[in-house]
Amino acid sequence: MVRRYLRGLYEGPFAMQLRRFVAVGAFTAGVQMVLLWAFVDVGRLNYLVGAVIAIEITIVLSYVLNNAWTFRKYRNTGTVDYLVGLLKTNVIRGSAIPLQVGVLFALVEWRALPYLLANAFAIFVSGLYRYVLDAKWTWG
């Protein structure tokens, strides 16, 4: 059963969409890491404040890229649809901010991981949650 499910992710009807979502996610995760580094090491912000700002910037970037490429079949077009989709993805991804920041905090404060490594792990943890909700609600 698990094997069939995993094969479906690789070869099934949503495989291309999932690969595109992962590619956009990997790109925006890289952008988020660079922004976080810039906010913390260059701008001297607290790593949690920098993370929240970097996350919000990449939420908007992710929406733009996913709407244009990943979910182009269900693309939000027109000003109202586009803005409603942006609002929906902000609600979904915004709801993942406490999860991501909580994991980041726990790994930095309780496990003494460097904040960038902890953030990479936190991005991964919240990724599946964001995909499922975005696929169903934002572009459903």
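A few points on the structure. Throughout, a residue's number is its position along its own chain's written sequence, starting from 1. Only residues with pLDDT of at least 70 get local features here, since the model is predicted, and only at 80 or more are side-chain atom pairs given and counted; chain-wide, interface and lining totals rely on the full set of residues. The basis for the side-chain values is all heavy atoms of the structure; hydrogens and waters are excluded.

1. As for the overall build of the protein
In this text, helices come from DSSP runs of H or I with a minimum length of four residues, and strands from runs of E with a minimum of two, each type numbered from the N-terminal end. Regarding its fold elements, the protein presents five helices and zero strands. Along the protein, from the amino end to the carboxyl end, the secondary structure elements read α-α-α-α-α. The C-alpha radius of gyration computed for the protein amounts to 16 Å, which stays within 12% of the reference 14 Å derived for 140 residues, consistent with globular compactness. With the principal axes as the frame, the protein shows a C-alpha extent of 45 × 40 × 20 Å. In the protein, buried positions account for 36% of the 140 residues. Looking at the protein alone, contacts between residues at least 24 apart form 67% of all its contacts between residues at least 6 apart. Both definitions apply: the radius of gyration is a C-alpha atom measure, and the globule rule equals 2.2 Å times residues to the power 0.38. Accessibility here uses a 1.4 Å probe with only protein chains present; expressed as a share of the type maximum, an area under 20% marks a residue as buried, one over 50% as exposed, and anything in between as partly exposed. Note on contacts: a residue pair qualifies if any of its non-hydrogen atoms lie within 4.5 Å across the two residues.

2. What about helix H2 (residues 15–42)?
In a regular helix each residue adds 1.5 Å, so 28 residues correspond to 40 Å; H2 covers 39 Å between its end C-alpha atoms and thus fits that length. Of all the positions in H2, only Ala-15, Gln-17, Leu-18, Arg-20, Phe-21, Val-24, Thr-28, Ala-29, Gln-32, Leu-36 and Val-40 are classed as buried. Here the expected length of a helix is defined as 1.5 Å per residue gap, with one fewer gap than residues.

3. Overview of helix H4 (residues 79–109)
Side chains that are three or four residues apart share a direction in an α-helix, a result of its 3.6 residues per turn. The end-to-end C-alpha distance of H4 is 43 Å, a good match for the 45 Å that 31 residues give at a rise of 1.5 Å each. We define the bend at any residue as the angle between the axes fitted to the seven residues before and including it, ending there, and the seven starting there. The largest bend along H4 reaches roughly 25 degrees and is located at Ile-97, with the proline Pro-98 sitting one to four residues downstream.

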